[in-house]
Amino acid sequence: MSPADADFQILEISRRLDLYGTRFHLASDREGAKINLSVSHMGILVFQGNTKINTFNWSKIRKLSFKRRRFLIKLHPEVHGPYQDALEFLLPSRDMCKRFWKICVEYHSFFRLQDQPKPKSKPVLLSRGSSFRYSGRTQKQLMDYVRDTSIKRPPYDRSVLGSDVY
């Protein structure tokens, strides 16, 4: 098997693994049950042990916030939604909660926004809340860039060190 084929096979196998690339963040729900939260391209995932019990899709999330150790998800109101419009999770510390919130804001902005967010002007006197804003390109911008650029990539051959035979 060539090195390029081996790389492709590794990517195919890892793509099918449920927990590949999943990073758990310890939390507890309103009842105090221990759960794990994770962020993915789909949305915020809720696990009990290694079993996924819920997914909150980015399209359904209206706002993400945190206050001390509490992480809050506000959902778009739905007629047939089985959930209340605000969900609350408790993380072990304020710093862990803020770190998880920042990750969620970045993913939510990347996958949901059409254009790059505009920087907000700084308030003169007092500011409430965090000043953190996602400032990178969005998924749509990256896809448009790749589609629109006609840069020809030079051919690339992988070889094993010390060997000229494939």
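Residues numbered from 1 in each chain as written. Predicted model: local features only at pLDDT ≥ 70, side-chain atom pairs only at ≥ 80, totals over all residues. Heavy atoms only, no water.

**Observations regarding the overall build of the protein chain**
Secondary structure summary: the protein chain contains 3 helices and 7 strands in total. When the helices and strands of the protein chain are placed in sequence order, the string is α-β-β-β-β-β-β-β-α-α. Summarising the internal contacts of the protein chain: among those between residues at least 6 apart in sequence, 43% fall at separations of at least 24. With an accessible surface of roughly 13000 Å², the protein chain has 53% of that area assigned to carbon and sulfur atoms. (Helix = DSSP H or I, 4+ residues; strand = E, 2+ residues; numbered from the N terminus. Contact = heavy atoms within 4.5 Å. Areas by Shrake-Rupley, 256 points an atom, 1.4 Å probe, with all protein chains shown as cover.)

**Here's the deal with the environment of Glu78**
Position of Glu78 relative to the elements: it lies in the loop between strand E6 (70-75) and strand E7 (86-90). Taking the C-alpha atoms as reference, Glu78 lies 8.9 Å from Lys60; in sequence the two are 18 residues apart.

**Here's the deal with helix H2 (residues 94-112)**
In a regular helix each residue adds 1.5 Å, so 19 residues correspond to 27 Å; H2 covers 26 Å between its end C-alpha atoms and thus fits that length. Along H2, the positions that sit buried rather than exposed are Cys97, Phe100, Trp101, Cys104, Val105, His108, Ser109 and Phe110. (Expected span 1.5 Å × (residues − 1). Buried < 20%, exposed > 50% of the residue type's maximum accessible area, 1.4 Å probe, protein only.)

**A few points about the nonpolar core**
Proteins that are soluble and globular tend to have nonpolar side chains buried together. Judged by nonpolar contacts, the single largest core of 22 residues is most densely connected at Ile44, Leu64, Phe71, Ile73 and Phe89. Elements represented by at least two residues in this core include exactly strand E2 (34-39), strand E3 (43-48), strand E5 (61-67), E6, E7 and H2. In terms of residue count, the dominant contributor to this core is H2 (5 residues). With near-sequence residues (within four places) excluded, Ile44 lies in contact with Ser38, Asn54, Thr55, Phe56, Trp58, Ile61, Leu64, Phe71, Ile73, Phe100 and Cys104. (Core = buried A, V, L, I, M, F, W, Y, C linked by side-chain atoms within 4.5 Å.)

**Remarks on the confidence of the model for the protein chain**
Taken over all residues, the pLDDT of the protein chain has a mean of 76, while the share at 70 or more is 64%. Mean pLDDT in the protein chain bottoms out at helix H3 (residues 139-148), which sits at 65, and peaks at E2, which reaches 91. (pLDDT = per-residue confidence, 0-100.)

**So, the pairing of E7**
Because side chains alternate across E7, one face comprises the buried residues Leu87 and Phe89, and the other comprises Ala86, Glu88 and Leu90, none of which is buried. Relative to E7, E6 runs antiparallel, the two sharing 5 bridges. When the bridges of E7 are listed, Leu72 appears paired with Glu88. (Pairing = 2+ DSSP bridges.)

**Topic: unusual backbone geometry**
Positive phi, close to 55°, is recorded for Arg68, a residue that is not glycine. The residue Arg68 is located in the loop between E5 and E6 in this model. Judged by its relative accessible area of 62%, Arg68 falls in the exposed class.

**Here's the deal with the packing of aromatic side chains**
If you walk through the whole model with that rule in mind, you get 3 aromatic pairs. With 4.9 Å between their ring centres and 65° between their planes, Phe24 and Phe47 make a pair best called edge-to-face. Residue Phe24 is located in the loop between helix H1 (3-16) and strand E1 (25-28), and its partner Phe47 is located in strand E3; the two are separated by 23 residues in the primary sequence. Phe24 sits in the partly exposed class, given a relative accessible area of 32%. The class for Phe47 is buried, based on a relative accessible area of 3%. Plain terms: the ring middles of Phe66 and Trp101 are 5.1 Å apart, the flat faces sit at 50° to each other, and that makes the pair tilted. (Phe/Tyr/Trp six-rings, centres within 6.5 Å; stacked < 30°, edge-to-face > 60°.)

**Thoughts on the pairing of E6**
In terms of strand pairing, E5 meets E6 through 6 bridges, oriented antiparallel. In the sheet register, Lys67 faces E6, and the bridge partner there is Arg70.

**Side note on a nonpolar patch on the surface**
The grouping of Ile13, Leu17 and Tyr20 at the surface amounts to a nonpolar patch, some 340 Å² of accessible area in total. Looking at where Leu17 falls in the secondary structure, it is placed in the loop between H1 and E1. (Patch = residues over 30% accessible without salt bridge, like charges linked within 9 Å, V, L, I, M, F, W, Y side chains within 5 Å. Salt bridge = Lys/Arg side-chain N within 4 Å of Asp/Glu carboxyl O.)

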